[in-house]
Amino acid sequence: MLTKRLADLTLDDIQALATNGVAEGRYIEFKSAPVGNAYDDRKEFLADVTAFANASGGDIIFGVSTTDGAASSVSGIELVDADKEKLRLGDLIRTGAEPRLTHFDMEWFPVEKSLGVLVVRVPRSWTAPHRVTLQGHDKFYIRNTAGKHPMNVDELRQAFTLSETIIERIRKFRSER
C-alpha cells in the first residue's frame with residue numbers, strides 16, 4: 001500500500017512508483033486498463049478487492065503499465081466521467097462481495113483531459129473473510145507477496161477463527177468499559 005493517505009497522494013507519487021520500478025506485491029496491484037463490463041473483468045476486480053480485504057489491505061492502481069510485475073510507466077486510463085466510474089465500481093464492490101464490503105476509497109488523478117490514474121484503496125476488513133458472489137461465483141481470495149489466490153481450507157479456517165476472536169475481544173472491551 002502506498003504510505004500516504006489517499007487524500008495526500010499526488011500524481012508525482014504515482015509516477016515515482018514507475019520511476020523506481022516498484023513491484024506488485026502484498027499491498028499493491030497495477031492495472032493498465034479500466035475494469036470492463038464483461039463478467040470476467042468484474043469478477044477479477046472483485047477477486048482483487050476481496051483478496052486485499054481478507055489480507056492486510058492494499059491499493060489497486062489503474063493506469064500503470066508493468067514489465068515483469070514491476071511498474072514501468074504511468075500510461076493512464078481513459079474515462080469520460082471518472083465520478084461515474086467510481087460510483088459503478090463502488091456499487092460493484094458493495095453488491096458483489098459477501099459479507100458486504102463498505103470500507104474502501106477511490107481517488108482519480110487526472111493526467112490530461114479524460115486520461116488519468118484511478119487508485120482504489122481497500123483496507124484490511126475486520127469482518128473477513130469476504131467472498132466474491134457475483135452471478136453465482138462463490139470463492140474466497142487472499143493476497144500474499146506473490147499476489148492473490150483462492151483461499152484453501154486452512155486459510156479459511158484461520159480467517160473465520162480470527163474474525164470470531166476479534167468480535168469477542170471487541171464485545172469484552174465494550175462490556176468492561
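Before reading on, note that the structure itself is shown above.
The sections below set out a description of the structure shown in this document. (Residues numbered from 1 in each chain as written. Predicted model: local features only at pLDDT ≥ 70, side-chain atom pairs only at ≥ 80, totals over all residues. Heavy atoms only, no water.)

**Quick look at the pattern of salt bridges**
Summed over all chains, the structure comprises 14 salt bridges. Notably, a salt bridge pairs Lys148 with Asp48, separated by 2.9 Å at the nearest N-O pair. Residue Lys148 is located in strand 11 (residues 147–150), and its partner Asp48 is located in helix 2 (residues 39–54); the two are separated by 100 residues in the primary sequence. Residue Lys148 is classed as partly exposed on the basis of its relative accessible area of 25%. By relative accessible area, which is 1% here, Asp48 ends up buried. Through salt bridges with shared partners, one network takes in Glu29, Lys31, Glu44, Asp48, Arg143 and Lys148. (Salt bridge = Lys/Arg side-chain N within 4 Å of Asp/Glu carboxyl O. Helix = DSSP H or I, 4+ residues; strand = E, 2+ residues; numbered from the N terminus. Buried < 20%, exposed > 50% of the residue type's maximum accessible area, 1.4 Å probe, protein only.)

**A look at the packing of aromatic side chains**
Counting across every chain of the model gives two aromatic pairs. Between Phe45 and Phe62, the aromatic rings sit 6.1 Å apart at their centres with planes inclined by 45°, giving tilted as the arrangement. Taken together, the residues Phe45 in helix 2 and Phe62 in strand 2 (residues 57–62) connect sequence positions 17 residues apart. Each ring, one from Phe140 and one from Phe160, has its centre 6.1 Å from the other, and the planes form 75°; the classification is edge-to-face. With Phe140 in strand 10 (residues 139–144) and Phe160 in helix 4 (residues 153–176), the pair connects residues that are 20 residues apart, well separated along the chain. A relative accessible area of 45% places Phe160 in the partly exposed class. (Phe/Tyr/Trp six-rings, centres within 6.5 Å; stacked < 30°, edge-to-face > 60°.)

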